Amino acid sequence: DKIKDFKTEFVQTYYASNGTMLMESSGILYYKKAGMFRWEYKIPKQKEFVINGNNLWVFLKEDGIVYIDDNFKSSQMKLVLLFLYGEGSIEREFNIDKIDEETEYFRILLTPKEEAAQISRLTIHVKKKSYNVEKIEITDKIGNRNVFHFKNLLFDSGIKENTFIFKIPEGVEVSPLPKDMFR
């Protein structure tokens, strides 16, 4: 609740329901209190996800397109992001199914209370010594898993608000966010 902002490196690995790794991406995540996020993907393709208030911009640089969602606040993905960083309510949105204590981590297993949710399970790995979230696993309705590992967390470094202002580059296509983009 006291954290004003943070910056972290991340590795995101996406697995099919049969366990096959489909893709691995990495980059930098910026967060500022009041629900502002900026995900800058560097590998394998450059892309940006910027969340500021109700708005989401997705810039796929190599494809020359910007997707916009001006009602992202109601998205379940935003709820996951917000409660991970102290702005949402785990109790309101999720059932706490199990808490396992491992050698270095607490592993918290959550399921959404809303049946129509895109997410079927959320697993959070919290480092015992620091209480930092170092890994999250998001499992969808058909069993695909999206796993995020976070490292080199830097808290309260004074990230400027203009980091979360997205300016649409000249010459790119602009389109509404496809409804199935996060499924």
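Some thoughts on unusual backbone geometry
- Cis geometry marks the peptide bond from I43 to P44; its omega dihedral reads 0°.
- Topologically, P44 is positioned in the loop between strand 3 (36–43) and strand 4 (47–52).
- If you check the backbone angles, Y131 has positive phi at about 65° while not being a glycine.
- Residue placement: Y131 occurs in the loop between strand 9 (119–127) and strand 10 (133–140).

Observations regarding the packing of aromatic side chains
- Scanning the model with the defined rule gives eleven aromatic pairs in all.
- Consider the rings of F10 and Y41, whose centres lie 5.0 Å apart with planes at 80°: the pair is edge-to-face. Of the two residues, F10 sits in strand 1 (residues 5–15) while Y41 sits in strand 3, which places them 31 residues apart along the sequence.
- Judged by its relative accessible area of 6%, Y41 falls in the buried class.

Notes on the pairing of strand 6 (residues 65–69)
- A large share of strand 6 lies buried, amounting to four of its five residues.
- As paired elements, strand 5 (residues 55–60) and strand 6 share five bridges and run antiparallel to each other. Bridging from a neighbouring strand, F59 pairs with V66 of strand 6.
- From the end of strand 5 to the start of strand 6, which pair antiparallel, there are four residues, and G64 there has a positive phi angle of about 65°.
- In this sheet, strand 12 (residues 173–176) lies alongside strand 6 in parallel orientation, the contact comprising four bridges. Note that in strand 12 the partner of Y67 across the bridge is S175.

Cut-offs and rules
- Sequence order as written defines the numbering, with residues in each chain counted from 1.
- In keeping with the model being predicted, local features are shown solely for residues with a pLDDT of at least 70 and side-chain atom pairs are shown and tallied solely at 80 or more, while totals for entire chains, interfaces and linings include all residues.
- Neither water nor hydrogens contribute to the side-chain values; these are computed over all heavy atoms in the structure.
- The helix count covers DSSP runs of H or I at least four residues long, the strand count covers runs of E at least two residues long, and both are numbered beginning at the N terminus.
- For this analysis, a ring pair means two rings from Phe, Tyr or Trp (six-membered ring only for Trp) whose centres lie within 6.5 Å, classed as stacked if their planes differ by under 30 degrees, edge-to-face if by over 60, and tilted for the remaining angles.
- Three labels apply to residues, based on accessible area from a 1.4 Å probe with only protein chains included: buried if under 20% of the type maximum, exposed if over 50%, partly exposed otherwise in between.
- If DSSP finds at least two bridges between two strands, the strands pair.

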